Amino acid sequence: MRNIIMYLISNVLSEAAFLIGIVALLGLVAQKKKFSDVVGGTVKTMVGFLLITTGAQSMGITLLPIQSMLQHVFGLEAGVADLNSAIGSSMAAFGASATLIFALGFMTNILLARFTKYKYIHLSAHVSFFYAGLIAALLTVGTSLSPVWVTVIGSILLGLYLTFTCAYMAPLMKDVPGGEGYTIAHSSSIGCWIAAKVGKVVGNKDKNLEDMKLPKSLGFLRETTIALSVIMTIIFLIISIITGPRFVMENVSGGKDIVIFSILNGLTFGLWITVIITGVRMMLSEIIPAFHGISDKLVPNAVPGLDIPLLFPTHPTSVIVGFLTSLVASLLGMLVLGIIKYPVIVFPALIPTFFTGAITAIFGNSTGGRRGAIIGSFINGLILIFGQAFLLPYIGAYEPVMRVLSETDYTFFGPILGWLLGLIG
């Protein structure tokens, strides 16, 4: 029986597509839908979700050559960590504890949603799993707890994190176009919350970043796919020129000249945002109605927590502005750490910089317009780089994955928890 449970946890519940498919299935069954509707709705939800996650992951990987080029510009020749090897080495150390914390933490989230006023179910399983790994690492490295207690305490901490991050994100959704019917479940939540609060103080939401007027000759940039493809091509080209065409051809582009290399990467980026747009339309048309069955029958008034790429298609300008602003802030933060000779050497991780920068700009823009988007995502970039430097000493062998995927919640809450555990012993 134990082997069956561990199989289900490791191979079914840990796969986000299965988890969200199960939720859709239960919701449709609870509504007593016809068999054909149950099967169709479940499959469309899972396929839509896979389109979103595959598009988002691939879009992030498209940015990795920029990290390699920037490392060369700043004289850091360590190279870009391979995503799969980073995850593999970190999970080899903490994977067993992380898996149990992930499953029990999700169950804690469900119980809190069922029996408290916080009716939020966190459905971004990939976020939950890596955060479970972080909690396992912090508790293992920072305390002398037995594996059993690491699992028990870690599960409670994860369940609280999944519930309350969704809870404090929920009120912010009313100001975000496209945010109806769900809350955000992602490890950029504290950055989004800070950006929204700061934006309200320093900006004017009527000066919306997405409403910027373009000349008629640039009207084609109003199309999300075209705009992001063109802008990313320009970004790749500029960074390639700064890095040096020869270095790029020999070490980054596989022999392609920088113009072709930049155009192909820009178009690839546009490809993946188009995949995400398709997935968003497919999944939202099914998961929100299906979730009504959950909220009506199983967990009254439950609200689903979903991933951030759902908002990207309707906020293309914020996505680019947020990414670039967070990147600049992180690079400045890296220089400050170098000037003060901080003992932990860090470099902006491009994948989390893109995703968290984009979403914090969206929430900053929702309350503070252009100024809110820029200041909010700039603060996000500072949290990413300083928080990464503060976090790494507390997590031992979980360091490789945090150098690649350390998003805002990891770099904000992680060092605080590590410091507290150090005080407690």
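Scroll up to find the structure.
Keep in mind that this is a model prediction, so the values were computed, not measured.

What counts as what
- Every chain begins its residue count from 1, and numbering advances along the sequence as written.
- Per-residue local features are limited, in this predicted model, to residues with pLDDT of at least 70; the limit for side-chain atom pairs, both in listing and counting, is 80 or more; totals at the level of whole chains, interfaces and linings are taken over all residues.
- With hydrogens and water excluded, all non-hydrogen atoms of the structure serve as input to the side-chain values.
- In this text, helices come from DSSP runs of H or I with a minimum length of four residues, and strands from runs of E with a minimum of two, each type numbered from the N-terminal end.
- The globule rule is 2.2 Å times the number of residues to the power 0.38, and the radius of gyration it is compared with is taken over C-alpha atoms.
- Each residue is assigned to one of three classes by its accessible area relative to the maximum for its type, calculated with a 1.4 Å probe on protein chains only: buried under 20%, partly exposed between the two thresholds, exposed over 50%.
- We call two residues contacting when some pair of their heavy atoms lies within 4.5 Å.
- Accessible surface area values rest on a Shrake-Rupley calculation with a 1.4 Å probe, where residue burial reflects the displayed protein chains alone.
- Counted as positive: Lys and Arg. Counted as negative: Asp and Glu, with His and the chain ends omitted from the count.
- By convention, charge coordinates are those of NZ in Lys, CZ in Arg, CG in Asp, or CD in Glu.
- Angular values range over 0 to 180 degrees, each being the angle between N-to-C directions of two axes fitted as lines to C-alpha atoms, with helices fitted over their stretch in contact.
- When an angle is under 35 degrees it counts as roughly parallel; over 145 it counts as roughly antiparallel; between 65 and 115 it counts as roughly perpendicular; any other value is oblique.
- By the definition used in this description, the sense in which the near helix is turned from the far one sets the handedness, with an anticlockwise turn below a right angle giving left-handed and a clockwise turn giving right-handed.
- When residues are sorted by character, Ala, Val, Leu, Ile, Met, Phe, Trp, Tyr, Cys and Pro go into the nonpolar class, Asp, Glu, Lys and Arg into the charged class, and all the rest, Gly among them, into the polar class.
- Should a side-chain nitrogen of Lys or Arg be within 4 Å of a carboxyl oxygen of Asp or Glu, the pair is scored as a salt bridge.
- Here the rule is simple: two strands pair whenever DSSP picks up at least two bridges between them.
- Like charges are joined within 9 Å and nonpolar side chains (Val, Leu, Ile, Met, Phe, Trp, Tyr) within 5 Å, but only among residues with over 30% relative accessible area and no salt bridge; these make up the patches.
- The span expected for a helix works out to 1.5 Å for each residue beyond the first.
- Residues enter a nonpolar core if they are buried and are Ala, Val, Leu, Ile, Met, Phe, Trp, Tyr or Cys, with the set joined through side-chain atoms within 4.5 Å.

Caption draft 1: Quick look at the overall build of the protein chain. Within the protein chain, the regular secondary structure consists of 15 helices and three strands. At 21 Å, the protein chain has a C-alpha radius of gyration in line with the 22 Å of a compact globule built from 425 residues. In the protein chain, which comprises 425 residues, the proportion classed as buried is 54%. Taking the contacts inside the protein chain whose residues are at least 6 apart along the sequence as the reference set, 80% of them involve residues at least 24 apart. Carbon and sulfur atoms form 69% of the exposed surface of the protein chain, whose accessible area is close to 18,300 Å². Between the centroid of the 24 positive side chains of the protein chain and the centroid of its 18 negative side chains there is a distance of 9 Å.

Caption draft 2: Local environment of the packing of helix α8 (residues 189–202) against helix α13 (residues 350–391). Running from amino to carboxyl end, α8 crosses α13 at an angle of 125°, the nearest separation of the two axes being 7 Å. Of the possible angle classes, the one that applies to α8 and α13 is oblique. Every pair of crossing elements has a handedness; the one defined by α8 and α13 is right-handed. Its residues placed into classes, the contact of α8 with α13 shows 11 nonpolar, nine polar and two charged.

Caption draft 3: View of the packing of α8 against helix α15 (residues 408–424). Running from N to C, α8 and α15 cross one another at 95°; their axes reach a closest spacing of 6 Å. Taken as axis vectors, α8 and α15 run roughly perpendicular relative to one another. Between α8, through Ser 189, Ile 190, Gly 191 and Ile 194, and α15, the contact on the second element is made entirely by Thr 408, Asp 409, Phe 412 and Phe 413. Considering only residue class, the contact of α8 with α15 consists of four nonpolar, three polar and one charged.

Caption draft 4: Region of interest: the pattern of salt bridges. The final tally for this structure, using the stated rule, is four salt bridges. Between Lys 174 and Asp 175 there is a salt bridge, and its shortest N-O distance comes to 3.9 Å.

Caption draft 5: Structural view of the pairing of strand β3 (residues 303–306). Bridge count between strand β1 (residues 120–122) and β3: three bridges; the pairing is parallel. Along β3, the bridge assignment pairs Tyr 120 with Val 303. Bridge count for strand β2 (residues 183–184) against β3 is two bridges, and the pairing is parallel. For Ile 184, the partnering residue across the bridge sits in β3 and is Leu 306.

Caption draft 6: Representation of a nonpolar patch on the surface within the structure. Where nonpolar side chains cluster on the molecular surface, the patch consists of Val 73, Phe 74, Ile 226, Val 230, Ile 234, Ile 238, Ile 242, Val 328, Leu 332 and Leu 335 and spans about 800 Å² of accessible area. Mapped by element, the contributors of at least two residues to the nonpolar patch are α9 (224–243) and α12 (316–339). No other element matches α9, which puts five residues into the nonpolar patch. On the basis of relative accessibility, which here comes to 45%, the residue Ile 234 falls in the partly exposed class.

Caption draft 7: Fine view of helix α2 (residues 16–30). If you check α2, its first and last C-alpha atoms are 21 Å apart, about what 15 residues at 1.5 Å a residue would give, namely 21 Å. Once α2 finishes, Lys 32 follows within two positions and takes phi at roughly 60°, a positive value.

Caption draft 8: View of the sheet that holds β1. Overall, parallel pairing links the three strands, which are arranged β1-β3-β2 in an open sheet. With partners counted over all chains shown, the strands left at the sheet margins are β1 and β2, one partner each. The strands touched by helix α11 (residues 258–298) are β1 and β3; relative to β3, the strand with the most contacts, the crossing angle is about 145°.

Caption draft 9: Broad picture of the nonpolar core. One finds Ile 66, Phe 312, Phe 363 and Tyr 398 to be the most contacted residues of the largest nonpolar core, which totals 107 residues. At 12 residues, α11 tops the list of elements feeding residues into this core. Leaving out residues up to four positions away in the same chain, Phe 312 has contacts with Met 59, Ile 273, Val 319, Phe 354, Phe 355, Ala 358, Ile 359 and Ile 362. In this structure, Cys 166, Ala 167, Ala 170 and Ala 185 belong to the second largest nonpolar core, which totals five residues.

Caption draft 10: The arrangement of helix α4 (residues 64–73) in detail. Of all 10 residues that make up α4, seven are buried, and the element is covered over most of its length. For α4, the full list of buried residues reads Leu 64, Pro 65, Ile 66, Gln 67, Met 69, Leu 70 and Gln 71. If you follow the buried residues of α4, they end up packed against α3 (35–62), α9, α10 (245–251), α11, α12 and α13. In the stretch just after α4, Gly 75 is the one whose phi turns positive, near 75°.

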